[in-house]
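Summary of the model geometry
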Amino acid sequence: SQQGEEDPQALSIQEGENATMNCSYKTSINNLQWYRQNSGRGLVHLILIRSNEREKHSGRLRVTLDTSKKSSSLLITASRAADTASYFCATDAAVNNAGNMLTFGGGTRLMVKP
Amino acid sequence: DVKVTQSSRYLVKRTGEKVFLECVQDMDHENMFWYRQDPGLGLRLIYFSYDVKMKEKGDIPEGYSVSREKKERFSLILESASTNQTSMYLCASSFRNRGYTFGSGTRLTVV
């Protein structure tokens, strides 16, 4: 079952613009993670935000977490054509979770036009 | 950097064949996972393992089994491949509750 749901499903922007993707989830979490996937490849871990954190930065990435609304957002600033990929949020549920099991959302397909 | 290596990028098998998908990680991670990814369905967890010889069913274990005889290797087995198992298979590993490292994926076609 999909815990996280990304919004929008697809996003097309011009190079240099900012891209914002949102993720909503249903249950309490230990942390929320964002991943990127280039077409036909494996996923790459971008950033992890813990449930007691509200905002985190990594280079051009900014992630926010609102546990009261059970939502997160990923902002990519000054986008580049190379940012074109699918982006997934994944939640590490707070319930008994031996083995660090993540549940992934359906992803947002981002296209950055040069 | 942690590496997760999946033995094949592309695989074509016949219906009814027994199929082995191998995954090896080189950083002593205790947790390993097998997902399949299908258009419109996202990533779905098949099986995971949090220790050698331990395995837990994920959301869609039917038609699959796994083996973890050594810490670095987690194998996914399709006992009798069917066309509805045509998919992209992704292996991942992690240390405690940190981010996953994924392999490059195996695109399996069952004909």
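Structure report, in brief. What you see is a predicted model; the values in this text were computed from it and never measured. (Residues numbered from 1 in each chain as written. Chains lettered and ligands numbered in written order. Predicted model: local features only at pLDDT ≥ 70, side-chain atom pairs only at ≥ 80, totals over all residues. Heavy atoms only, no water.)

A word on the overall build of chain B
As a reminder of what qualifies: The secondary structure listing takes helices from DSSP runs of H or I that are at least 4 residues long and strands from runs of E that are at least 2 residues long, numbered from the N terminus. Here the radius of gyration uses the C-alpha set of atoms, whereas the globule reference equals 2.2 Å times the residue count to the power 0.38.
Helix and strand counts for chain B come out as 0 helices and 12 strands. Reading chain B from its N terminus to its C terminus gives the helix and strand order β-β-β-β-β-β-β-β-β-β-β-β. Against the compact-globule benchmark of 13 Å for 111 residues, chain B has a radius of gyration of 13 Å, which places it among compact chains. For chain B, the spread of C-alpha atoms along the three principal axes comes to 35 × 25 × 25 Å.

Notes on the state of the cysteines
Heads up, the condition is: Our working definition of a disulfide is a cysteine sulfur pair at a distance within 2.5 Å. For every residue, the accessible area obtained with a 1.4 Å probe (protein chains only) is divided by the maximum for its type, and the residue is called buried under 20%, exposed over 50%, and partly exposed between those limits.
Scanning the model with the defined rule gives 2 disulfides over all chains in all. Across the disulfide from Cys23(A) sits Cys89(A); the S-S distance is 2.0 Å. On the sign convention where negative means left-handed, the S-S torsion of about 65° between Cys23(A) and Cys89(A) marks this disulfide as right-handed. Pair noted here: Cys23(A) is in strand E3 (residues 19–24) and Cys89(A) is in strand E9 (residues 85–93), with a separation of 66 residues, a long-range link. For Cys23(A), a relative accessible area of 1% translates into the label buried. Here Cys23(B) pairs with Cys91(B) through a disulfide, and the sulfurs are 1.9 Å apart. Residues Cys23(B) and Cys91(B) are joined through a disulfide that is left-handed, its torsion about the S-S bond being -80°. In this pair, Cys23(B) sits in strand E4 (residues 23–25) while Cys91(B) sits in strand E10 (residues 87–94), placing the two residues 68 residues apart along the sequence. Pair check on accessibility: Cys23(B) and Cys91(B) agree, each one buried.

Remarks on the pattern of salt bridges
How we decide: Should a side-chain nitrogen of Lys or Arg be within 4 Å of a carboxyl oxygen of Asp or Glu, the pair is scored as a salt bridge.
Within this structure, the stated rule accounts for 9 salt bridges over all chains. Salt-bridge contacts for Glu55(A) lead to Arg62(A); the nearest nitrogen and oxygen are separated by 3.2 Å. A relative accessible area of 39% means that Glu55(A) is categorised as partly exposed. Relative accessible area serves as the criterion here: at 32%, Arg62(A) is assigned to the partly exposed category. When the shortest N-O distance is used, the salt bridge between Lys18(B) and Glu79(B) registers 3.6 Å. With Lys18(B) in the loop between strand E2 (10–13) and strand E3 (19–21) and Glu79(B) in the loop between strand E9 (73–78) and E10, the pair connects residues that are 61 residues apart, well separated along the chain. The exposure class assigned to Lys18(B) is partly exposed, which follows from its relative accessible area of 46%. The exposure class assigned to Glu79(B) is partly exposed, which follows from its relative accessible area of 41%.

Here's the deal with the packing of aromatic side chains
This is how it is decided: For Phe, Tyr and Trp, rings pair up if their centres lie within 6.5 Å, where Trp contributes its six-membered ring, and each pair is then called stacked (planes under 30 degrees apart), edge-to-face (over 60) or tilted (otherwise).
This structure, assessed with the given rule, holds 12 aromatic pairs over all chains. Relative to Tyr35(B), the ring of Phe104(A) lies with its centre 5.3 Å away and its plane at 85°, an arrangement referred to as edge-to-face. Here Phe104(A) is found in strand E10 (residues 102–104), whereas its partner Tyr35(B) is found in strand E5 (residues 31–38) on a different chain. Across this residue pair, the class does not change: Phe104(A) and Tyr35(B) are buried. Taken together, a centroid distance of 6.3 Å and an interplanar angle of 45° make the contact between Tyr35(B) and Phe102(B) tilted. In this pair, Tyr35(B) sits in strand E5 while Phe102(B) sits in strand E11 (residues 101–102), placing the two residues 67 residues apart along the sequence. Put simply, the rings of Tyr35(A), Phe104(A), Phe33(B), Tyr35(B), Phe48(B), Tyr100(B) and Phe102(B) pair up and form one aromatic cluster.

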